[in-house]
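# Summary of structural features
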Amino acid sequence: MAYPKQGPYPTQPQVAGFSAQQQQGGGYPPQQQAGAYPPPEQGGAYPPPQGQQPPPPYYPQQGPPPPQAQQQVTTTVIQAQPAFIPVPVSFGEYPVTITDSQGRQVQTRLEYRVGSTTHLIACVICLFGWLIFLPIALFFWVPYLLDGTKDVYHIHPIDGSVVGVYRRR
């Protein structure tokens, strides 16, 4: 069976109101060349009202750019004020000389308080005292009397605030 020879695409029938070029281009207007000016617009569908002239076509004016306002540059200088910078201090078993917030050099006052090390030593004395020799267990209260088993609190001598703590380990 032989088929009739046709071109690469089937031909389409002519539609009323469209030219053959518009049908082939898909109904889009022909493309303009790059850099070409657009064609002048045709007159509108309605005539201008009587006694009035049609508005002139709008084309932006290519003149010099508008002048810009001069801006004043202001410079603000900020000077850093001398500030109180705390120096890290290592608190221990002895009084420490510190500089307080008013700039005074003061030496801390020491205060000994019962801490976890004190309780631990008392428990060890009790435990071994009962296991080894009963009368030793009766001396569980001795760590509560010795400053060497307590935590050391460094107190500010003027206002009485706690400055630092040395905890026994």
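What counts, and at which threshold
Residues numbered from 1 in each chain as written. Predicted model: local features only at pLDDT ≥ 70, side-chain atom pairs only at ≥ 80, totals over all residues. Heavy atoms only, no water. Helix = DSSP H or I, 4+ residues; strand = E, 2+ residues; numbered from the N terminus. Contact = heavy atoms within 4.5 Å. Polar contact = N/O pair within 3.5 Å; in protein donor to acceptor, adjacent residues only side chain to side chain. Pairing = 2+ DSSP bridges. Axes fitted to C-alpha atoms, helices over the stretch in contact; angles between N-to-C directions. Salt bridge = Lys/Arg side-chain N within 4 Å of Asp/Glu carboxyl O. Buried < 20%, exposed > 50% of the residue type's maximum accessible area, 1.4 Å probe, protein only.

## Some remarks on the environment of leucine 145
- Mapping leucine 145 onto the fold places it in the loop between helix H3 (134–137) and strand E4 (151–155).
- Sequence separation of leucine 145 and threonine 118 is 27 residues, and the distance between their C-alpha atoms is 9.5 Å.

## As for the environment of tyrosine 144
- You can see tyrosine 144 is positioned in the loop between H3 and E4.
- For tyrosine 144 and valine 114, which are 30 residues apart along the polypeptide, the C-alpha to C-alpha distance reads 6.8 Å.
- Apart from residues lying up to four places away in sequence, tyrosine 144 is in contact with Val114, Thr118, His119, Ala122 and Lys150.
- At 2.8 Å, the side chain of tyrosine 144 forms a polar contact with the side chain of histidine 119.

## A few points about the sheet that holds strand E5 (residues 162–166)
- Pairing within the open sheet is antiparallel, and its three strands lie in the order E3-E4-E5. Where the open sheet ends on each side, the last strands, each with one partner, are strand E3 (109–113) and E5. Taking each pair of neighbouring strands and ignoring which way they run, the sheet shows an average axis angle of 25°.
- Examined bridge by bridge, E4 and E5 share four bridges and lie antiparallel to one another. Within the sheet, the bridge partner assigned to valine 152 lies in E5 and is tyrosine 166.

## Points about the pattern of salt bridges
- Summed over the entire model, instances satisfying the criterion amount to five salt bridges.
- A salt bridge links glutamate 93 to arginine 168; the nearest nitrogen and oxygen atoms lie 3.4 Å apart. Within this pair, whereas glutamate 93 is found in the loop between helix H1 (20–24) and strand E1 (97–99), its partner arginine 168 is found in the segment after E5, the two being separated by 75 residues in sequence.
- Among the ionic pairs, arginine 109 bridges to glutamate 111, the shortest N-O distance being 3.9 Å.
- Given the relative accessible area of 41%, arginine 109 is considered partly exposed.
- Several salt bridges converge on common partners, so that one network encompasses Arg109, Glu111 and Arg113.

## Comments concerning the pairing of E4
- Counting buried positions over the five residues of E4 gives five, a clear majority of the element.
- Residues of E4 alternate between two faces, with Asp151, Tyr153 and Ile155 on one and Val152 and His154 on the opposite face, all of them buried.
- In this structure, E3 lies alongside E4, joined through five bridges in antiparallel fashion. Bridge assignment links leucine 110 to a residue of E4, and that residue is histidine 154.
- If you look at the hairpin formed by E4 and E5, you'll find six residues sitting between the two strands, and glycine 160 has a positive phi there, around 80°.

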